[in-house]
Amino acid sequence: MESRQYESVSSHVFERIAEAYVALDADWRYTYVNEAAARVLGRSAGELLGEYAWAGFPEEATRPFREAYERAMAEQRPCTVEAWFAPLGRWFASRAYPAPDGLTVLFQDIDARKREELRLQTQQRLMEQAQQLMHVGNWSWDVAANRVAWSDELYRIYGVDPAQHEATFEAYLARVHADDRERVLGIIRQALHDCAAFEFEERIVRPDGDERVLNSRGVVEADADGRAVRMLGVCQDITARKREERMAVGLHEILLDIVAQQPLAASLERIARQHEAMNPGSQCSLLLLDGRRLLHGAAPSLPEAYARAVHGLEIGEARGSCGTAAWSGQRVVVVDIATHPYWTDYRELAMAHGLRACWSTVIPGSHGEVLGTFAVYYREPREPRPDELASIDRLVPLAGIAIESARLLGRLRERDRFFEMSQEIFCILDPGSEHLVQFNPFLQRLTGYGTDELKALGYRQFLRTLPGDESSEVIPATVEPGQTREFLNCCVAKDGSEHLLEWTSFATSDGLLYAVARDITERRQVEQKLIHAASHDPVSGLPRRALLEEALARLLDNPWSEAWVVVIGLDRFQVVNESVGHVIGDDVLRRVADRLRATLDARWLVTRTAGDKFAMAMAGMSHEEVLALVERLRAEVARPIEGQDYRLLLTASVGISHAPVHGNTPTALLRGAEAAMMQAKRDGRDRVGEFSVAQKRALDERVILGRRLRDALRNDELVLYYQPQYRALDHALTGYEGLLRWNCGELGQVPPARFIPVAEALGLMPEIGGWVFAQAARQMREWLDRGHRGFTIAVNVSAQQVQHPHLVAQVAEALQRYAVPASMLDIEMTESALMENVARIRTTLAGLKSLGVQLSLDDFGTGYSSLAYLKQFPIDKLKIDQSFVRCLPDDEDDGAIVQTIIELGHQLGMLVSAEGVETQAQAAFLAGLGCDELQGYVLGTPLPVMDAERYFVGVRDSSLA
């Protein structure tokens, strides 16, 4: 009864509490909710009783309240929390009172107060940020109590720690620069006396010794009796602004000195003093780079003896700060000369004069080159502050301008000294009056007129337009100011001689032309000769191929034109040069050229395209007329040619091509006529060959092959196949012949018979051959590393490769790169390849033998087969051509030839190998004749490397067992 009465009274009391109030049991369930709490929670008290307090709210929103309540329960002491309650969008303050069986919780809506607090905090933060950005701090001084309050920014400006700073007027005054203290104190006393506003500039000294310049202003508050009780003020750090003003004034004065063409030493000294004035304690030195040495420029505050000692310092690494900077092109900062390695050789010199730190900055020129160095010394070890480096960087460009200006003035003075001796015309012209305003003496020497005569004459009286020039302007009259014009005219001298002048003129705003002219008369004559020499053959006087192509292109512009191209090649003309010499050979060529010109009318353009080749082209003739004309030309060439001490009979092979059948470009027609001429030579010489459609197709195919072949190596399209070689007696494997194959990405498999001649014609064989050597050597190394022994790899070389001067070096490089024995490489050559230049071939083969490689003569019996030549070459092996093997053993003649070759080879100490062995009978017959090695399809076909390797283990074909 009493309990219910107590609860009723308590409920009545709590309902009268204005704040929201709830009671929670130990499981966080509501046991009591007053009306204020129900309104906040948005539900009736009856609905809330017994419910879990945190139900229906996000965990993040209730976390701060729950943590506080849990802490109150755990510690059994009241706990207060203020937090943002997101579900209601407001700030609440809550205090929890714990009991053993639950909590009593009061919570209050503090949203208005909290928002005002946050607004004030934001304003305070913004004000502090603004003060930091503007470098402005504020202060107040309670005059009677002598208490001073500083803002955080003011502490930062003064560089002092609030905990260590005595907040009094005397402590502030101690920070004022000694030279400003009395003035500042007087201004403050006067402001206190007058209770008036004040403003002044002052310098302060921070604890680290750094000086700052401040602008201080404020007001004075007075009591009812007019006595000053408080002084309020703000201070702005204007150090950077004052420094910039001083720098700007100094830079302006330095530039005025440079413009006034003061001596370089004076300008550099002023630059040094400017930095020293802005950075007390610094001592500057400016050195000028002359080649590899630094020379004295200015050092107003350094000891004179030290400046003399560093004059002529050679630049390089570790040559002091300046020598290293000029050498590296980078700024060098040495904080302590006593310990830095750059100063090892100069330390005693510097320290003897009291110098302990040196920062050196490169002075760059307008094109990035090093002009010198700007060094700053100090008498104590120290690092540069950012503002000190900024000062250096502002002054360094001025030093560069001063140095380059001085050098330019020097060059101008030199120019002025040589101006009078110049071989060019310098003058100022007035197009309005057509008179010369000013000119140098060379114009007098060129024209023969005196100074007064040239001033009196209008320039049209001795300057004329060029012949054929329709323009009436001798000198351009309409040149826009700032515009440059180039032109040519003719100068007629007093004696009537003419000179071609090349002018460059520059117009100014006052309408005058500043002009330079060169007498290019001789140059133009030389150019004309060079143009003629470049386009004409010096021996015959005939035009070169380029002019023929131009003329032919003009003929082909007409789509209905049937142009003809004729190429004449003298037969065996190299014999003439070898037998009677090149002087007589050139005379013969001149006589042939004269005969061709005399036979042809003006419609034909005759040219000399190569050593003994002449080409000509025209249009408007029939096929019969061209053939008749070609026969006349051959007859003219065939007439005896007689000169001093010689009489020669020549013949000519002629090729003809015809547009549009054989092509519609100069290149195609010339190529076709040359191909027809070469075919005529192959057919026996002294005849006419007409280019055919079949030849054109073959030629086009060669062009296509050539274009693809150039990319074959780059595209990894070439590969070596390997055909095994065996000892004839027991069929033991002796090695392989590497055979080149081309798998073209666009054309598919291209037979060697098709692409090798194209490669030779394009001069690609030395490059391809180098690749073959490398591939063969690499394969030998792989097989050796796998344990295979007792084998060789043979590779073929073309006539073009044998003639190449770097063949020996190519082979040596491949062998050395893969570290394989030279004796394992067998180089195969044909007889015809050895006959082209016997002396050179002998040298090349000797070089190959000196490496240790083996040399084989391939296709023996089909070429020259000259024993006289054979014994001159260090051949190790003869390879019998397969044409002699094909009909064995049935053909007795082939058998006799093969036996003779075998006996010959053995007599000369050579091995003999037979290729093209395709039957067991052939293999047995050759072995019976004493042949040493066999190679052919019955023994093994050319295979990719992976398939070829099986021959190391399967030495004999089962069919030969």
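Note that the structure is predicted; figures quoted are calculated from it, not measured.

Caption draft 1: A look at the overall build of the chain. In terms of helices and strands, the chain carries 34 helices and 38 strands. For 961 residues, the compact-globule formula gives about 30 Å, and the C-alpha radius of gyration of the chain, at 53 Å, lies well above that figure. The C-alpha extent of the chain, read off along each of the three principal axes, is 145 × 115 × 75 Å. Across the 961 residues of the chain, 43% fall into the buried class. Pairs at least 24 residues apart make up 56% of the contacts formed inside the chain by residues separated by at least 6 positions. Carbon and sulfur atoms make up 52% of the accessible area of the chain, which totals about 49,200 Å².

Caption draft 2: Region of interest: the nonpolar core. In this structure, Trp742, Val811, Ile827, Val853, Leu926 and Leu934 are the most contacted members of the largest nonpolar core, which totals 78 residues. Counting residues per element, this core draws most heavily on helix α25 (residues 765-785), at 11 residues. Beyond its immediate stretch of four places on either side in the chain, leucine 934 contacts Gln725, Tyr726, Ala728, His731, Ser913, Ala914, Val917, Ala923, Leu926 and Leu939. Listed in part, the 32 residues of the second largest apolar core include Val592, Val630, Leu650 and Ala652.

Caption draft 3: Layout of the sheet that holds strand β16 (residues 370-378). Taken together, six strands build an open sheet; the order of strands is β13-β12-β11-β16-β15-β14 and the sheet is antiparallel. At either end of the open sheet lies a strand with only one pairing partner, and these are β13 (313-314) and β14 (332-334). Bridge analysis of strand β11 (residues 283-290) against strand β12 (residues 293-298) gives five bridges, and the strand direction is antiparallel. Bridge pairing in β12 links leucine 286 to alanine 298. Sitting on the sheet, helix α10 (residues 264-278) is in contact with β11, β12 and β16, with an inclination near 145° to β11. Taken strand by strand, helix α12 (residues 320-328) contacts β11, β12, β13, β14, β15 (357-364) and β16, and its axis lies near 30° from that of β15.

Caption draft 4: Quick peek at the pairing of strand β8 (residues 198-205). Burial along β8 is one-sided: the face carrying Phe198, Phe200, Glu202 and Ile204 is buried and the face carrying Glu199, Glu201, Arg203 and Val205 is not. With eight bridges joining them, β8 and strand β9 (residues 211-222) adopt antiparallel strand pairing. Bridge pairing in β9 places glutamate 201 opposite asparagine 215. Taking the residues between adjacent antiparallel strands as the criterion, β8 and β9 are bridged by five residues, where glycine 209 takes a positive phi near 90°.

Caption draft 5: Molecular detail of the packing of aromatic side chains. Counted under the stated rule, the structure contains 25 aromatic pairs. Taking the centre distance of 6.3 Å and the plane angle of 85° together, the rings of tyrosine 722 and tyrosine 736 count as edge-to-face. Of this pair, tyrosine 722 sits in strand β30 (residues 718-727) while tyrosine 736 sits in strand β31 (residues 733-744), placing them 14 residues apart in sequence. When sorted by exposure, tyrosine 722 lands in the same class as tyrosine 736, which is buried. Note that arginine 382 overlies the ring of tyrosine 378, its terminal NZ or CZ placed 4.2 Å from the centroid. Here the basic side chain of arginine 741 rests over the ring of tyrosine 721, its NZ or CZ set 5.8 Å away from the ring centre.

Caption draft 6: Expanded view of the packing of α25 against helix α27 (residues 807-818). Running from N to C, α25 and α27 point in directions that differ by 25°, and their axes come no closer than 9 Å. The angle between α25 and α27 places the two elements in the roughly parallel class. When you trace α25 past α27, the crossing you get is right-handed. In this structure, α25 contributes Pro766, Gly769, Gly770, Phe773, Ala774, Ala777, Arg778 and Arg781 to the contact, and α27 contributes Leu807, Gln810, Val811, Ala814, Arg817 and Tyr818. Counted by class, the contact of α25 with α27 contains eight nonpolar, three polar and three charged residues.

Caption draft 7: How the structure looks around unusual backbone geometry. The peptide bond linking alanine 659 to proline 660 adopts the cis configuration, its omega dihedral lying at 5°. Topologically, proline 660 is positioned in the loop between β28 (652-658) and α22 (666-682). Cis rather than trans, the peptide bond between leucine 888 and proline 889 has omega equal to 0°. Mapping proline 889 onto the fold places it in the loop between α31 (882-885) and α32 (892-907). Of note in the backbone geometry, asparagine 146 takes a positive phi value of approximately 50° without being a glycine. For asparagine 146, the position within the fold is in the loop between β6 (136-142) and β7 (147-150). Positive phi outside glycine occurs at arginine 685, with the angle close to 70°. By the secondary structure assignment, arginine 685 is in the loop between α22 and β29 (688-690).

Caption draft 8: Structural view of helix α9 (residues 239-259). Taking 1.5 Å of rise per residue, 21 residues should cover 30 Å, and α9 covers 30 Å from first to last C-alpha, within 8% of that figure. Among the residues of α9, Thr239, Arg243, Met247, Gly250, Leu251, Ile254, Asp257 and Ile258 are the ones counted as buried. Viewed end-on, α9 has its buried residues packed into an arc of 115°, placing them on one side of the element.

Caption draft 9: A look at the sheet that holds strand β25 (residues 613-619). The strand order across the open sheet built from five strands is β24-β25-β23-β28-β29, with neighbouring strands paired in mixed fashion. Whereas interior strands pair on both sides, the edge strands pair on one side only; in this sheet they are β24 (605-610) and β29. Averaged over all pairs of adjacent strands, the angle between their axes in this sheet comes to 20°, without regard to strand direction. Here β24 runs beside β25; their pairing, made up of five bridges, is antiparallel. Directly across from leucine 605, in β25, lies its bridge partner alanine 617. Together, β23 (563-570), β25, β28 and β29 form the strand contacts of helix α21 (residues 623-638), whose direction differs from that of β28 by roughly 160°. Across the sheet, α22 is in contact with β23, β25, β28 and β29; its angle to β28 comes to roughly 145°.

Caption draft 10: Inspection of the pairing of strand β37 (residues 911-915) at higher detail. Among the five residues in β37, four count as buried, and that is most of the element. The pairing of strand β36 (residues 877-880) with β37 spans four bridges and is classified as parallel. Within β37, the position partnered with leucine 878 by the bridge is valine 912. Summarising the sheet, β37 and strand β38 (residues 933-935) pair through three bridges and their orientation is parallel. Paired with glutamate 915 across the strands is glutamine 935, a residue of β38.

Caption draft 11: Representation of the pattern of salt bridges in the model. Per the stated rule, a full pass over the model turns up 59 salt bridges. Across the pair aspartate 142 and arginine 147 runs a salt bridge whose closest N-O atoms are separated by 3.5 Å. Exposure remark for arginine 147: the relative accessible area of 53% places this residue in the exposed category. Taking the shortest distance from any N to any O, the salt bridge between glutamate 201 and lysine 242 comes out at 3.4 Å. Of the two residues, glutamate 201 is situated in strand β8 and lysine 242 in helix α9; the sequence distance between them amounts to 41 residues. Look at the salt bridges and you will find they share partners, linking Glu380, Arg382, Arg385, Asp387 and Glu388 into a network.

Caption draft 12: Quick peek at the environment of alanine 224. Of note, alanine 224 is situated in the loop between β9 and β10 (228-237). Here alanine 224 falls in the exposed class, since its relative accessible area comes to 85%. As for alanine 224 and alanine 628, which are separated by 404 residues in sequence, their C-alpha atoms are 136 Å apart.

Caption draft 13: Looking closely at the side chain of arginine 634. Looking at the element boundaries, arginine 634 is found in helix α21. Not counting residues within four places of it along the chain, the set of residues in contact with arginine 634 comprises Ala652, Val654, Asp686, Arg687 and Val688.

Caption draft 14: Examining empty space enclosed by the protein more closely. Applying the stated criterion across every chain yields a total of five cavities of 30 Å³ or more. Roughly 270 Å³ of volume is contained in the largest cavity. Sorting the residues of the lining of the largest cavity by element identifies β1 (20-25), α2 (35-41), α4 (59-75) and β5 (102-109) as the ones contributing at least two each. Top contributing element to the lining of the largest cavity by residue count: α4, with three residues.

Caption draft 15: Representation of the environment of proline 431. Locating proline 431 in the fold gives a position in the loop between β17 (425-430) and β18 (435-439). A relative accessible area of 15% places proline 431 in the buried class. Note: C-alpha distance between proline 431 and valine 474 (43 residues apart in sequence) is 9.9 Å.

Cut-off values and rules
Residues numbered from 1 in each chain as written. Predicted model: local features only at pLDDT ≥ 70, side-chain atom pairs only at ≥ 80, totals over all residues. Heavy atoms only, no water. Helix = DSSP H or I, 4+ residues; strand = E, 2+ residues; numbered from the N terminus. Rg over C-alpha atoms; globule rule 2.2 N^0.38 Å. Buried < 20%, exposed > 50% of the residue type's maximum accessible area, 1.4 Å probe, protein only. Contact = heavy atoms within 4.5 Å. Areas by Shrake-Rupley, 256 points an atom, 1.4 Å probe, with all protein chains shown as cover. Core = buried A, V, L, I, M, F, W, Y, C linked by side-chain atoms within 4.5 Å. Pairing = 2+ DSSP bridges. Axes fitted to C-alpha atoms, helices over the stretch in contact; angles between N-to-C directions. Phe/Tyr/Trp six-rings, centres within 6.5 Å; stacked < 30°, edge-to-face > 60°. Lys NZ or Arg CZ within 6 Å of the ring centre and 35° of its normal. Parallel < 35°, antiparallel > 145°, perpendicular 65-115°, else oblique. Left-handed = near helix turned anticlockwise from the far one by under 90°. Nonpolar A, V, L, I, M, F, W, Y, C, P; charged D, E, K, R; others polar. Expected span 1.5 Å × (residues − 1). Arc of directions from axis to C-beta. Salt bridge = Lys/Arg side-chain N within 4 Å of Asp/Glu carboxyl O. 1 Å grid on protein atoms, 1.4 Å probe; cavity = no way out; pocket = protein on both sides within 12 Å on 5 of 7 lines; lining within 4 Å. Points joined across faces, edges and corners; volume = space filled by probe spheres on them.

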